[in-house]
Amino acid sequence: MFEKYKFTATERFLRYVQIDTQSNPECQNHPSTEKQKNLSELLVNELQSIGVLDAETDDYGYVYATIPSNSEKNVPVICFCSHIDTAPDCSGTNVKPLVHKDYKGENIILPDDVSLILTVEKYPYLKSHIGHDIITASGLTLLGADDKSGVAEIMDMANYLILHPEIKHGTIKILFTPDEEIGAGTAKIDLQKLGASIAYTLDGGEAGTLEDETFSADGVKITIDGVISHPGYGKGKLVNAIKIVGEIAASLPNDGWSPETTEMREGFVHPVQIEGIAEKASISFIVRDFETNKLFEYEDRLKSIAEGVLKKYPTATMNFEVVEQYRNMKEVLQHHPNIIANAEEAFIRAGLTVVKEPIRGGTDGSRLSFMGLPCPNIFTGMQAIHSKHEWIGVKDMEKAVEVLVLLAQIWEERS
Ligand SMILES: [Zn+2]
């Protein structure tokens, strides 16, 4: 069905990445950087010019738009979502995208810093792009494929559907969000205005990747109140909270239970911060697992380790505080099997092998899923993200557009 169509995702991508949209974790504003709005405004103009007439952006930099249904059926309203910001890890100013035509498997040397070399040894996935075009930055910045590839693919999907009214689909909502990279992508989202019942983020890697599972996550803070006295006369009285907190950290198991000793489906308990003075000190942890119940087991075990240390200091006291952070999106998605089944069907029709891998982290999709908008994650092709090595294959971007069009069509067919 795509034979006569000229894909525009690459051309769009090359333009979008040149607009600096880096978000700023130090800033509490929404958006965290005003410059993100430059891309929001451009996207609204482009959407209107291709015929998506209600496209609009708001004070926070979100973009909302609708491709109206052309079907008589009652099709669920689906949303495709990407984020416009780029990661604070690496400069996003003056990005110079380079298209390496007809890649043959050679080393790709980035011209503005020739010490940066992409090789198939380092990035074996390059091999599947031999004979096709690769896009990189020039060596001084990240590329911004995360997530402007997703933005470009959604824009090209919109263009395709507008140009091909013979393809039946329900109402399609488009959503572009700011500040995803600093964990604030859903902070000011207006789900009422969006009006979708399901969503897909385009924010994944290799072609064929479909992510429907994230960690469940809690934070734990253990605060110790010691006993303070003049240190010159502290004998038998003074109890130093800093030392107790240090002992708790030292009592954690060495053979597992940490990011450095776990992988795949294993969870962990990870101390991330120690703060305090002799009188009062605290140690904070992040607790992660794919099964929410396991978090509670980990927290019980952590508490008994801390209590074990405290026993030696009967005059010190402990406060053990748990804060829920996010939950595995699968807990929501399992109640909506069509969302994954239809995506898998779209992948298969596009000739892809479906690769389902759990994400050892959280996504905006996990937050959206628990806000009432079930939302797995689809590949865009992005590779080596958040770095100057970041690259993407053009054929993956075109595949992602195909998948989106097919997905819109499959939801209509099956309604
Ligand atoms: Zn991303």
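Scroll up to find the structure this text is about.
Remember, it's a predicted structure, so these values are computed and weren't measured experimentally.

Basis of the calculations
- Residues numbered from 1 in each chain as written.
- Predicted model: local features only at pLDDT ≥ 70, side-chain atom pairs only at ≥ 80, totals over all residues.
- Heavy atoms only, no water.
- Patch = residues over 30% accessible without salt bridge, like charges linked within 9 Å, V, L, I, M, F, W, Y side chains within 5 Å.
- Areas by Shrake-Rupley, 256 points an atom, 1.4 Å probe, with all protein chains shown as cover.
- Salt bridge = Lys/Arg side-chain N within 4 Å of Asp/Glu carboxyl O.
- Helix = DSSP H or I, 4+ residues; strand = E, 2+ residues; numbered from the N terminus.
- Buried < 20%, exposed > 50% of the residue type's maximum accessible area, 1.4 Å probe, protein only.
- Donors = N, O, S within 2.8 Å, 3.2 Å for Na, K, Ca; no water.
- Tetrahedral: all angles 85-135°; square planar, octahedral: opposite > 155°, others 65-115°.
- Phe/Tyr/Trp six-rings, centres within 6.5 Å; stacked < 30°, edge-to-face > 60°.
- Pairing = 2+ DSSP bridges.

**Some details on a nonpolar patch on the surface**
And step 1. Judged by side-chain polarity, Ile109, Val114 and Ile117 come together as a nonpolar surface patch covering roughly 250 Å² of accessible area.
And step 2. You can see Ile117 is positioned in strand β6 (residues 117-118).
And step 3. By relative accessible area, which is 31% here, Ile117 ends up partly exposed.

**A word on the coordination of the zinc ion**
Between any two of four tetrahedral donors, the ideal angle at the metal is 109.5 degrees; between two of six octahedral donors, it is 90 or 180 degrees.
And step 1. Protein coordination at the zinc ion: the donors are His83 (NE2), Asp146 (OD), Asp203 (OD) and Asp203 (OD), at 2.0 to 2.7 Å from the metal.
And step 2. Every donor counted, the 4 donor atoms about the zinc ion form angles of 52 to 145 degrees at the centre, which fits irregular coordination.
And step 3. A relative accessible area of 21% places Asp203 in the partly exposed class.

**Looking at the packing of aromatic side chains**
And step 1. Scanning all chains against the criterion turns up 11 aromatic pairs.
And step 2. A centroid spacing of 5.3 Å and a plane angle of 85 degrees characterise the contact between Tyr5 and Phe7, whose relative ring orientation is edge-to-face.
And step 3. Judged by relative accessible area, Tyr5 falls into the buried class, the value being 11%.
And step 4. Take Phe7: its relative accessible area is 17%, and that puts it in the buried class.
And step 5. When the centroid spacing of 5.5 Å and the interplanar angle of 90 degrees are considered together, the rings of Phe347 and Phe379 count as edge-to-face. Here Phe379 lies in strand β16 (residues 377-379) and Phe347 lies in helix α8 (residues 337-349), a separation of 32 residues in the sequence.
And step 6. Residue Phe379 is classed as buried on the basis of its relative accessible area of 0%.
And step 7. Of the aromatic side chains, those joined through ring pairs into one cluster are Phe2, Tyr5, Phe7 and Tyr160.

**Regarding the pairing of strand β3 (residues 78-83)**
Taken residue by residue, a regular strand's side chains alternate between the two faces of the sheet.
And step 1. The element β3 is extensively covered by neighbouring structure, given that 6 of its 6 residues are classed as buried.
And step 2. Of the pairings in the sheet, the one linking β3 to strand β8 (residues 172-177) comprises 6 bridges and is parallel in character. Along β8, the bridge assignment pairs Cys79 with Lys173.
And step 3. One ladder, built from 4 bridges, connects β3 with strand β9 (residues 198-204); its direction is parallel. The residue of β9 that forms the bridge with Cys79 is Ala199.

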